[in-house]
Amino acid sequence: MTPQTTKTATTPDESTDVLRLENVTKRFGNVTAVDDLSFAVHEQEILGFIGPNGAGKSTTFNCVSGSFPPTEGTIYYRDEDVTGMPQYELVKKGISRTYQTFRPLNDRTVLENIELSQVPDKLFSVSDLRADTTERAWELCERVGLEEYAHLTPEEVPHAGMLRLEIGRALGTDPDLLLVDEPFAGLTSEEIEESASLFRSLREEGTTLVVIDHNMHGLLDLVDRVVVISFGEKIAEGAPQEIRDDPVVQKAYLGGDVE
Ligand SMILES: Nc1ncnc2c1ncn2[C@@H]1O[C@H](COP(=O)(O)OP(=O)(O)OP(=O)(O)O)[C@@H](O)[C@H]1O
């Protein structure tokens, strides 16, 4: 993993690509979920990755995070070809992600779920690490605003808390690049603003983020730049305001305004 540095700048460094996809295609049988997709994510950027239902967003995340390899194309992480690398290797390099469908251990507390996200299984049995991981889990609970739920099980936590638990678990591996899948789904506007400010502060600390969401309003207010896909292909890329006004994007979203 890239060593932790304390960065204070909040503008993306466009000269450095943290992630680069070149001509990535993913087919499932005769379904082409991602079609010759190329884009880059700059250092300390918050990139919005949007598209209508079934456009191929989650499949792209799955290729980047190592759930499965692309059928064709190349994925670079900090200029290293990581195409097809398994998830555990990518996590060690600094890539972490959240999932649309929560996957907590329901028989463990929120704190334990975050604690377990930090260490590989084989290390967890080493007792010396236990105190460190518990302390770090507390820090992460506080970081994502879960202190009051720390000793509850996931089933006792409200929806907004579960989204934060996903983020807390993803932060457990100390990522350099965080892929966030639908963090605003089902949140009130106040909760969206709280989550957005958490993402901004992660960026200020040096994390690069790619965020998928259907809530265009919350997302376009947060991100620096946007990549839009439809039927697996990139149809637009640019600043949030350009994307909001882009007729091609509006047409892809059922002919309506992107709001
Ligand atoms: N494991 C799979 N097997 C077969 N087809 C799949 C598989 N995963 C995704 N697909 C198909 O690939 C296409 C893209 O799906 P994907 O879930 O990546 O879209 P998405 O943009 O994330 O959609 P949503 O916004 O609804 O989550 C869809 O047609 C989907 O049915």
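Basis of the calculations
Residues numbered from 1 in each chain as written. Predicted model: local features only at pLDDT ≥ 70, side-chain atom pairs only at ≥ 80, totals over all residues. Helix = DSSP H or I, 4+ residues; strand = E, 2+ residues; numbered from the N terminus. Buried ≥ 20, exposed ≤ 12 C-beta atoms within 10 Å, placed from the backbone. Contact = placed C-beta atoms within 7 Å. Near = placed C-beta within 6 Å. Nonpolar A, V, L, I, M, F, W, Y, C, P; charged D, E, K, R; others polar. Pairing = 2+ DSSP bridges. Axes fitted to C-alpha atoms, helices over the stretch in contact; angles between N-to-C directions. Core = buried A, V, L, I, M, F, W, Y, C linked by C-beta atoms within 7 Å. pLDDT = per-residue confidence, 0-100. Expected span 1.5 Å × (residues − 1). Arc of directions from axis to C-beta.

A closer look at the overall build of the chain
The secondary structure content of the chain amounts to 10 helices and 10 strands. Per-residue burial over the chain gives 40% buried out of 259 residues. Across the chain, the fraction of contacts at a sequence separation of at least 24, relative to all contacts at a separation of at least 6, is 65%.

Considerations on the site of the ligand
By nearness alone, every residue bordering the ligand is listed as Phe28, Val31, Ala33, Gly51, Asn53, Gly54, Ala55, Gly56, Lys57, Ser58 and Thr59. Counting only elements with at least two residues in the shell around the ligand, the list comes to strand S2 (31–43) and helix H1 (57–65). Among the elements that take part in the shell around the ligand, H1 stands out by supplying three residues, more than any other. A per-class count over the shell around the ligand returns four nonpolar, six polar and one charged.

Focus: the sheet that holds strand S3 (residues 46–50)
The strand order S6-S7-S8-S3-S9-S10 describes an open sheet built from six strands, whose pairing is mixed. Each end of this open sheet is capped by a strand with a single partner; those strands are strand S6 (95–97) and strand S10 (233–238). Across the sheet, the mean angle from the axis of one strand to that of its neighbour is 20°, orientation sign disregarded. In the sheet, strand S7 (residues 177–181) pairs with strand S8 (residues 208–212) via five bridges, with the strands oriented parallel. In the strand pairing of S8, Val180 is matched with Val211. Relative to the sheet, H1 contacts S3, S6, S7, S8 and strand S9 (225–230), its axis offset from that of S7 by approximately 150°.

Topic: the nonpolar core
Generally speaking, nonpolar side chains in soluble globular proteins are found buried as a group. Among the nonpolar cores identified, the biggest contains 59 residues, and Val110, Cys141 and Val211 are the most heavily contacted of them. With five residues, helix H6 (residues 159–171) is the single largest residue contributor to this core. If sequence neighbours within four positions are ignored, Val110 has contacts with Cys141, Leu146, Tyr149, Ala150, Leu152, Pro154, Val157 and Leu165.

Quick look at the sheet that holds strand S4 (residues 72–77)
Judged by pairing direction, the sheet is antiparallel, and its four strands sit side by side in the order S2-S1-S4-S5 without closing on themselves. Looking along the sheet, the strands with just one partner apiece sit at the ends: S2 and strand S5 (80–81). Where strand S1 (residues 13–28) and S2 come together, nine bridges link them in antiparallel fashion. Following the sheet pairing, Asp13 is matched in S2 by Glu43. H1 rests against S1, S2 and S4 of the sheet, and its axis sits at about 65° to S2.

Some remarks on unusual backbone geometry
At Asn23, a position not held by glycine, the phi torsion is positive, near 55°. In this structure, Asn23 sits in strand S1.

Examining the pairing of S10
It is a general feature of regular strands that their side chains alternate between the two faces of the sheet. Note that S9 and S10 share five bridges and pair antiparallel. Each residue of the ladder has a partner; that of Val226, found in S10, is Gly238. Remark: two residues form the turn of the hairpin made by S9 and S10, two consecutive strands paired antiparallel; Phe231 in that turn has positive phi of roughly 50°.

So, the confidence of the model for the chain
Of all residues in the chain, 89% attain a pLDDT of 70 or more, and the chain-wide mean is 89. For residues 1–9, every residue scores under 50 in pLDDT, and the model assigns this stretch 13 contacts once sequence neighbours within four places are set aside. The complex prediction reports pTM at 0.89, with the ipTM value standing at 0.97.

As for helix H7 (residues 189–204)
The first and last C-alpha atoms of H7 sit 22 Å apart over 16 residues, in line with the 22 Å expected at 1.5 Å per residue. For H7, the complete set of buried residues consists of Ile192, Ser195, Ala196, Leu202 and Arg203. The buried residues of H7 all sit within an arc of 115° when viewed along its axis, so they share a single face. Residues of H7 that are exposed and point more than 90 degrees away from the buried face comprise Glu190, Ser197 and Ser201. Buried-residue contacts for H7 involve S3, H6, S7, S8 and helix H8 (216–222). Trailing H7 by a residue or two, Gly206 shows a phi angle of about 115°, which is positive.

With respect to the environment of Asp245
Along the polypeptide, Asp245 turns up in helix H9 (residues 240–245). With 162 residues separating them in the primary sequence, Asp245 and Thr83 have C-alpha atoms 34 Å apart.

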